[in-house]
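Here is how the chains run, residue by residue.
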Protein chains: 2
Amino acid sequence: MANVLIVGAGGVGQVVAHKCAQVEEVFENITLASRTKAKCDKIADMLPRKIDTAEVDADNVSEMVALIEKVKPDMVINVALPYQDLHIMDACLETGVHYLDTANYEPLDEAKFEYSWQWAYQDRFEKAGLMALLGSGFDPGVTSVFTAYAKKHHFDRIKTLDILDCNAGDHGLPFATNFNPEINIREITANGRYWENGQWVTTKPMEEKRVFAFPEGIGEKDLYLLYHEELESLSKHFPEIERARFWMTFGASYLKHLEVLQNVGMTGIEPIEFQGQQIVPIQFLKALLPDPASLGPLTKGKTCIGNIIKGTPQGGGEDKIYYVYNICDHQECYKEVQSQAISYTTGVPAMIGAKMMMEGKWMKPGVWNMEQLDPDPFMADLNKYGLPWQETWLDKPFV
Amino acid sequence: MANVLIVGAGGVGQVVAHKCAQVEEVFENITLASRTKAKCDKIADMLPRKIDTAEVDADNVSEMVALIEKVKPDMVINVALPYQDLHIMDACLETGVHYLDTANYEPLDEAKFEYSWQWAYQDRFEKAGLMALLGSGFDPGVTSVFTAYAKKHHFDRIKTLDILDCNAGDHGLPFATNFNPEINIREITANGRYWENGQWVTTKPMEEKRVFAFPEGIGEKDLYLLYHEELESLSKHFPEIERARFWMTFGASYLKHLEVLQNVGMTGIEPIEFQGQQIVPIQFLKALLPDPASLGPLTKGKTCIGNIIKGTPQGGGEDKIYYVYNICDHQECYKEVQSQAISYTTGVPAMIGAKMMMEGKWMKPGVWNMEQLDPDPFMADLNKYGLPWQETWLDKPFV
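Per chain, residues are indexed from 1 in the order of the written sequence. Just so you know, chain letters begin at A and ligand numbers begin at 1, following the order they were written in. Local features in a predicted model are, by the rule used here, given only for residues with pLDDT of at least 70; side-chain atom pairs are given and counted only at 80 or more, and totals for whole chains, interfaces and linings are based on all residues. Note: side-chain values were computed over all heavy atoms of the structure, leaving out hydrogens and water.

1. Topic: the overall build of chain A
Labels follow the DSSP assignment, with helices taken as runs of H or I lasting at least four residues and strands as runs of E lasting at least two, numbered in each case from the N terminus. Within chain A one finds 14 helices and 18 strands. Projecting the C-alpha coordinates of chain A onto the three principal axes gives extents of approximately 60 × 60 × 40 Å. Exposure categories follow from relative accessible area, calculated using a 1.4 Å probe and restricted to protein chains: below 20% of the type maximum is buried, above 50% is exposed, and the middle band is partly exposed. Across the 399 residues of chain A, 55% fall into the buried class. Residue burial considers only the protein chains on display, and all accessible areas are found by Shrake-Rupley using a 1.4 Å probe. Summed over all atoms, the accessible surface of chain A reaches about 16,100 Å², with 48% contributed by carbon and sulfur. Seen as two clouds, the 37 positive and the 56 negative side-chain charges of chain A have centres 3 Å apart. In this charge count, Lys and Arg are treated as positive and Asp and Glu as negative; neither His nor the chain ends contribute. Where a charge sits is defined by one atom per residue type, namely NZ (Lys), CZ (Arg), CG (Asp) or CD (Glu).

2. Some points on the sheet that holds strand β17 (residues 366-369) of chain B
Residues and elements named next belong to chain B. We call two strands paired when DSSP finds no fewer than two bridges between them. If you walk across this open sheet you meet the seven strands as β3-β2-β1-β4-β5-β6-β17, and the pairing is parallel. The strands lining the two open edges of the sheet, one partner per strand, are β3 (52-55) and β17. For this sheet, the mean inter-axis angle between neighbouring strands, taken without regard to orientation, is 20 degrees. Contacts are assigned to residue pairs with any non-hydrogen atoms lying within 4.5 Å of each other. In this analysis, axes come from line fits to C-alpha atoms, helices being fitted only over the stretch in contact, and the angle between any two N-to-C directions falls in the range 0 to 180 degrees. Packed on one face of the sheet, helix α4 (residues 85-95) meets β1 (2-7), β4 (75-78), β5 (98-101), β6 (131-134) and β17 and runs near 165 degrees to β5.

3. Some points on the relation of the copies chain A and chain B
The copies were overlaid with a least-squares fit restricted to C-alpha atoms from residues scoring a pLDDT of at least 70 in each copy. Least-squares fitting of chain A to chain B yields an RMSD of 0.1 Å, with the superposition described by an axial translation of 0.1 Å and a rotation of 180 degrees. Taken together, the rotation angle and the small translation identify this as a two-fold axis. It is Val260 of chain A whose C-alpha, among those of chain A, lies nearest the rotation axis, at 3.4 Å. Comparing interface residues between copies, 100% of those in chain A also sit at the interface in chain B, which points to an isologous, same-surface contact.

4. Remarks on the interface of chain A and chain B
Every contact between the two is made by 24 residues of chain A and, on the other side, 24 residues of chain B. Put simply, buried area is the surface a 1.4 Å probe can reach on two separate parts but cannot reach once they are joined, added for both. Summed over both sides, the interface of chain A with chain B buries roughly 2,300 Å², with 71% coming from carbon and sulfur. It is Val264, Phe274 and Phe284 of chain A that lose the most area in chain A upon contact with chain B, and together they represent 26% of the buried surface on that side. For salt bridges, the criterion is a side-chain nitrogen of Lys or Arg within 4 Å of an Asp or Glu carboxyl oxygen. Inspection of the region where chain A meets chain B yields two salt bridges. A salt bridge links Glu259 of chain A to Lys256 of chain B; its shortest N-O distance comes to 2.8 Å. Polar contact is defined as a pair of N or O atoms within 3.5 Å, subject to the rule that within protein one atom must be able to donate a hydrogen and the other to accept it, and that residues adjacent in sequence are counted only when both atoms are side-chain atoms. Across the contact surface, chain A and chain B share six residue pairs in polar contact (both at pLDDT 80 or more).

5. Observations concerning the environment of Trp117 of chain B
Here Trp117 of chain B is to be found in helix α5 (residues 116-119). Residues Trp117 of chain B and Gln277 of chain B, spaced 160 residues apart in sequence, show a C-alpha to C-alpha distance of 39 Å.

6. Topic: the nonpolar core
We define the nonpolar core as a collection of buried residues of types Ala, Val, Leu, Ile, Met, Phe, Trp, Tyr and Cys that are connected through side-chain atoms lying within 4.5 Å of one another. Counting residues in hydrophobic clusters, the biggest one holds 182 residues, and the most contacted among them are Ile77 of chain A together with Ile77 of chain B. Once you skip the residues sitting within four places of it in the chain, Ile77 of chain B turns out to touch Val4, Leu5, Ile6, Val7, Val16, Cys20, Leu100, Ala350 and Ala354 of chain B.

7. Topic: the sheet that holds strand β3 (residues 52-55) of chain A
All names here are of chain A. Spatially, the seven strands line up as an open sheet ordered β3-β2-β1-β4-β5-β6-β17, and their pairing is parallel. Edge strands, defined here as strands with exactly one partner in the open sheet, are β3 and β17 (366-369). The sheet shows a mean angle of 20 degrees between the axes of neighbouring strands, taken without regard to direction. In the packing of helix α1 (residues 11-22) onto the sheet, the strands contacted are β1 (2-7), β2 (27-34) and β4 (75-78), and the crossing angle to β2 comes to about 165 degrees.

8. Here we look at the packing of aromatic side chains
Classification of ring pairs uses Phe, Tyr and Trp, with its six-membered ring standing for Trp, and accepts pairs whose centres are within 6.5 Å; under 30 degrees between planes counts as stacked, over 60 as edge-to-face, and the remaining range as tilted. According to the stated counting rule, one finds 41 aromatic pairs over all chains in the structure shown. Ring plane angle 35 degrees and centroid distance 4.6 Å describe the contact between Tyr323 of chain A and Tyr325 of chain A, whose orientation is recorded as tilted. Under the relative-accessibility criterion, Tyr323 of chain A is labelled buried at 2%. Each member of the aromatic cluster is reached from another via a ring pair, and the members are Phe212, Phe214, Trp247, Tyr323, Tyr325 and Phe398 of chain A. Sitting over the ring of Tyr227 of chain A, Arg193 of chain A keeps its end group 4.0 Å from the ring centre. Either the NZ atom of lysine or the CZ atom of arginine qualifies as a charge over a ring when it sits within 6 Å of the ring centre and within 35 degrees of the ring normal. Between the NZ or CZ atom of Arg193 of chain B and the centre of the ring of Trp200 of chain B, over which it lies, the distance is 5.2 Å.

9. Topic: the pattern of salt bridges
Overall, the coordinates contain 38 salt bridges over all chains when judged by the stated rule. Notably, a salt bridge pairs Arg210 of chain A with Glu208 of chain A, separated by 3.0 Å at the nearest N-O pair. Overall, the relative accessible area of 24% leaves Glu208 of chain A in the partly exposed class. Arg35 of chain B is the partner of Asp57 of chain B in a salt bridge, and the nearest nitrogen-oxygen pair spans 3.3 Å. Remark: Arg35 of chain B occurs in the loop between β2 (27-34) and α2 (37-44) and Asp57 of chain B occurs in the loop between β3 and α3 (61-71); sequence separation between them is 22 residues. Taking relative accessible area as the criterion, Asp57 of chain B reaches 21% and is therefore assigned partly exposed. The partly exposed category is assigned to Arg35 of chain B, whose relative accessible area is 49%. Residues joined in a network through salt bridges with shared partners are Lys355, Glu359, Lys361 and Asp381 of chain A.

Below you can see the structure in the form of structure tokens.
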């Protein structure tokens, strides 16, 4: 039975704490730590059993080391900010504990999503006999496992992969963001990128748009091609893939609001002089918008995230098109863990990834992406712990 | 030859000063006054001949009286704010000079456009042997004269009147307002109102929309029904009118920006606490938006304002549909008076109205709306001083 230290007390940390607390047979002792202990205590008060809480600045390696030495966890579940991944990995190496995160490291000062920094830890983790599991959220994470599962059970050869991330939730407000609007805007205004025939192809922001009819009454939604980090590891670990793309739904109204706010300068990050003060427009905008935390109880509807995979079926024959996906209901998530589906779909796979490691099913020294490990026990736990998946064969490819 | 005092040094005041200066045979002496003398001096420096400038708070009747006694004008041309109309009328009565304005009085604390306050001065002006000419801009003003002209020359009986105000100018910026965005938003979000069968009919904001193909390459534009002040006086002075409506064009992009800014609270007038200061969102928005004065040199395209009138033609017979309009080019206006067409189309009729009074063509004690006076000399001067009009017969009514 395991002792885990969860770092990060945002929406995802809250879900991870809830789900670990539910699985007492694996996670005997839980400590939740963040920069603000009061946030940890607030989450602890919601849980069905007692956990410990602590204050830590995850950017400060020696503070992290001191906390790990005090708590003596078997592993750290890192759901803090992506900027902090390397510092926490350093602390894990120094103290000899395993590591898991849900999003790859990002330097604070540039928008650069890539695994190079973390993959560079491979030798050190391997030599220390420690495991680092990278990207154990939904996308990356479950979408990576979906790909490995498709390869293991259905395909001799995967030819094309399209990951479709649909949030059909509606909070009923004209405009609000689930998280920092600045990050959101950066994502939407950045170039898209996808993998094709052994190289990266760059697209203009929002240049590639598709419509897809999602299952279970969600219906047709607009999807836009974005770059997403699992494309890097999946194209590396499945070199046979001819084309791999990532798509996310954005509603017309959401895009309209972002466009206008950009046009008038409300999303600017340079301060302007106003009433004798320096004011950063996007910070003033944030003050006007609803607090993301207030959206949880308001959000209705579902998310649907999954993979459409085309390839040569096992045993040969005509190419087949496989669709594997999870549907998650915002209100049911909120009922269970007081967070809506965006945090839920990230937090549950983090708990399952940690469970795989602690149960020894995935324990293996080194730095690993999700698709490198046996998908079967993880897929079974998705069904058991709140993210049931479905699979179907499609008549036509996603083009 | 006349001595005039122009009060107000905004965009319209600048045009009036320019146009009066051009007509030296009528306006021998010109004084331009406003709260900020520097603004008057700046305008004076642009003009082809010397005018005087002065500082005055038009809200302060005794200050206005003192200025009038010093300048000794034959009339005051009031192009200050509508809140100041009554104070300036009081000062004119006290000093015995004639009065002209371009927009009806509005109390500071309520959005209430009506002539009642100014019509109540009728007896006082008549007894003093003084004339007050109300609403000598374009709409109201030229649109009122267009109606009187149609009645005098073409119709036995006017049945329906539709005033179409189209600004097809483009400043090339994603979003900017020609004037205070707060006033603009109030106009658009207010209920519409029109005259039908002897009573006012209220419509929801932007409820009534039409498309009209404007002449001279402007093409099809969306028009929305608004209340506009000339409807009050025209329905009174032409009681035969069965229906009178006012329409203004708004582009889809402009409306989209206003909608989003409202949705996120950026148009709010209640202060919010931010960085320890009270900040009014719409004031912060104003600081972000381009200065309206900077739009002048950027604005291209035309305005087209006119009346579509259906009725029984003189001599009887089938109803006919008459369209009389002016086309004004933003860039040509800017070249002539360093203001674009919005200010130009208001300022030129103010000068012509004053000219009609000073030449004795319209001189008549009392308080008058434009349509109560002989349209012919005014119509002739529109052609002469920069706002040429055209008339045509339409095949089908504006429904």
